[in-house]
Amino acid sequence: MGISKKNGKNILQGIEAVLFDLDGTLIDSMWIWREIDIAFLGERNIPMPQDLQKIIEGKSFHETAVYFKETFQLPESLEEIKDIWNRMAFDRYAHGMQLKSGADKFLKKLCDAGIRMGIATSNSRHLTECCLTDIGILKYFETIVTGCDVVNGKPQPDIYLKAADNLKILPDKCLVFEDVPMGILAGKHAGMRTCAVYDSFSAHMDEEKKKLSDYYITSYEELV
């Protein structure tokens, strides 16, 4: 079961907007990017560094492309690298991505309560929008901010501050849902309440996530 430093029953008290990360938070998708990294580097005969996922955690789509190009001395341009990743991931994001258990009911609960919602993701806008459209939940989100829309990626607060500003909601009236420490820190640095979400991909970080966040859930079912 989820645990919290505060009373989990009051998680929405005083909250006017809920901001969600996408990958690993609303959908089970983090494993996809590890597969893509392995395939992308393998095609170029580049060994997969064991700590790669930790290094790029929280980086925007563009920042990750910069890291790959500089670290692995890739001949492709940054736009070409991002286009390749979009093509490799598109079919999975556009067809059959699964919401986390209870997420659909929680989104409806927020909607019924008049609490506004936004997405703040390091993923690309192209993949984010096609995924939310396919799942049928795009209608819930008044704003979608990607890492490419701000100067600094997570753990800097830029992406969450921009999402709140787009909604015209003060940061201290926002609740952030995140699955990794860098994202949780971005929400905290923005002055927002944070809720960590269990994800099998980041299970080894659970203790750190619990320490950093105001709340922790193993499933959205706990909130509905």
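Please refer to the structure higher up on the page.
Below is a short write-up of the structure. (Residues numbered from 1 in each chain as written. Predicted model: local features only at pLDDT ≥ 70, side-chain atom pairs only at ≥ 80, totals over all residues. Heavy atoms only, no water.)

1. Side note on the overall build of the chain
Which entries qualify depends on this criterion: Strands are runs of DSSP state E lasting at least 2 residues, helices are runs of H or I lasting at least 4, and numbering of each runs from the N terminus. Values of the radius of gyration come from C-alpha atoms, whereas the globule rule sets the reference at 2.2 Å times the count of residues to the power 0.38. Type-normalised accessible area, obtained with a 1.4 Å probe on protein chains alone, sets the label of each residue: buried when under 20%, exposed when over 50%, and partly exposed for intermediate values. Here a residue-residue contact requires only that any non-hydrogen atoms of the pair lie within 4.5 Å. Surface accessibility follows the Shrake-Rupley procedure with a 1.4 Å probe radius. Residue values consider only the protein chains on display as shielding. For the purpose of charge, His is not counted, nor are the chain termini; Lys and Arg are scored as positive and Asp and Glu as negative. Every charge is mapped to an atom, namely NZ of Lys, CZ of Arg, CG of Asp or CD of Glu.
Of the regular secondary structure elements, the chain holds nine helices and six strands. Relative to the 2.2 N^0.38 estimate, which gives 17 Å for 224 residues, the radius of gyration of the chain is 17 Å and therefore close to what a compact globule would have. Based on the C-alpha atoms only, the size of the chain along its principal axes is roughly 50 × 35 × 30 Å. Classification of the 224 residues of the chain by burial places 53% in the buried group. Counting contacts in the chain only where the partners sit at least 6 residues apart, residues at least 24 apart contribute 67% of the total. About 10200 Å² of surface is accessible on the chain, with carbon and sulfur atoms providing 52% of the total. Charge separation in the chain, taken as the distance between the mean sites of 27 positive and 34 negative side-chain charges, equals 5 Å.

2. A look at the side chain of D206
So the rule is basically this: Two N or O atoms count as a polar contact when they lie within 3.5 Å, although within protein this holds only if one can serve as hydrogen donor and the other as acceptor, and sequence-adjacent residues are included solely when both atoms are side-chain atoms.
Tracing the backbone through its elements, the reader meets D206 in helix α9 (residues 206-212). Judged by relative accessible area, which is 11%, D206 ranks as buried. Within the local environment of D206, its side chain forms a polar contact with the side chain of Y216, the two groups lying 2.8 Å apart. If we skip the residues at most four places from it in the chain, D206 touches Y198 and Y216.

3. With respect to helix α5 (residues 103-112)
Threshold: The directions from the helix axis to the C-beta atoms are what the arc is built from.
Looking only at α5, the buried set comprises A103, F106, L107 and L110. Looking down the long axis of α5, one finds its buried residues gathered within 100° of arc, a one-sided arrangement. Residues of α5 that are buried make contact with β1 (17-20), β2 (116-121) and β4 (174-178). Of the residues trailing α5, G114 is marked for its positive phi of about 75°.

4. Some words on the packing of helix α3 (residues 61-71) against helix α4 (residues 78-94)
Spelled out, the test is: Fitting a line to C-alpha atoms yields each axis, with helices limited to the stretch in contact; the angle taken between N-to-C directions then spans 0 to 180 degrees. Each angle is binned into one of four classes, with values under 35 degrees roughly parallel, values over 145 roughly antiparallel, values of 65 to 115 roughly perpendicular, and all other values oblique. Left-handed describes a crossing whose near helix is turned anticlockwise from the far helix by less than a right angle; the clockwise case is right-handed. Three classes are used: nonpolar for Ala, Val, Leu, Ile, Met, Phe, Trp, Tyr, Cys and Pro, charged for Asp, Glu, Lys and Arg, and polar for all others, with Gly counted as polar.
Interhelical geometry of α3 versus α4 gives an angle of 115° and a closest axis separation of 9 Å. When the axes of α3 and α4 are compared, the pair comes out roughly perpendicular. Pair α3 / α4 crosses with right-handed handedness. Residues F61, H62, T64, A65, V66, F68 and K69 of α3 touch α4, and the partners they reach there are L78, I81, K82, W85 and N86. Along the lines of polarity and charge, the residues of the contact of α3 with α4 split into seven nonpolar, three polar and two charged.

5. Some thoughts on the side chain of D23
Stated precisely, the cut-off is as follows: Any carboxyl oxygen of Asp or Glu within 4 Å of a side-chain nitrogen of Lys or Arg constitutes a salt bridge here.
Tracing the chain through its elements places D23 in the loop between β1 and α1 (30-43). For D23, which is buried and forms no salt bridge, the nearest opposite charge comes from K154, at a distance of 8.2 Å. Here the side chain of D23 touches S29 through a polar contact of 2.5 Å, side chain to side chain. Among the polar contacts listed, one links the side chain of D23 to the side chain of N123, at a separation of 2.9 Å. With residues near it in sequence (within four places) discarded, D23 still touches S29, M30, W33, Y93, T121, N123 and D179.

6. Observations regarding the sheet that holds β4
Put simply, the rule is: Whether two strands pair comes down to DSSP finding at least two bridges between them.
Read from one edge of the open sheet, six strands run β3-β2-β1-β4-β5-β6, paired in parallel fashion. Looking at the sheet topology across the chains shown, the edges are occupied by β3 (143-146) and β6 (215-217). Strand-to-strand twist in this sheet, taken as the mean axis angle between neighbours without regard to direction, amounts to 20°. Against the sheet, helix α7 (residues 158-167) touches β1, β2, β3 and β4, its axis set at about 155° to β3.

7. Regarding α4
Definition in use: To estimate how far a helix should reach, multiply one less than its number of residues by 1.5 Å. To get the bend at any residue, fit one axis to the seven residues that end at it and another to the seven that begin at it, then take the angle between the two axes.
Between the first and last C-alpha of α4 there are 23 Å, a value that for 17 residues agrees with the 24 Å anticipated at 1.5 Å per step. Along α4, the largest kink reaches about 35° and is centred on M88. Listing the buried residues of α4 in full gives I81, K82, I84, W85, N86, A89, Y93 and A94. Here the buried face of α4 lies against α1, α3 and α6 (125-135). Once α4 ends, the next one or two residues include G96, with phi positive near 90°.

Remember, this is a structural readout, not a statement about activity or role.
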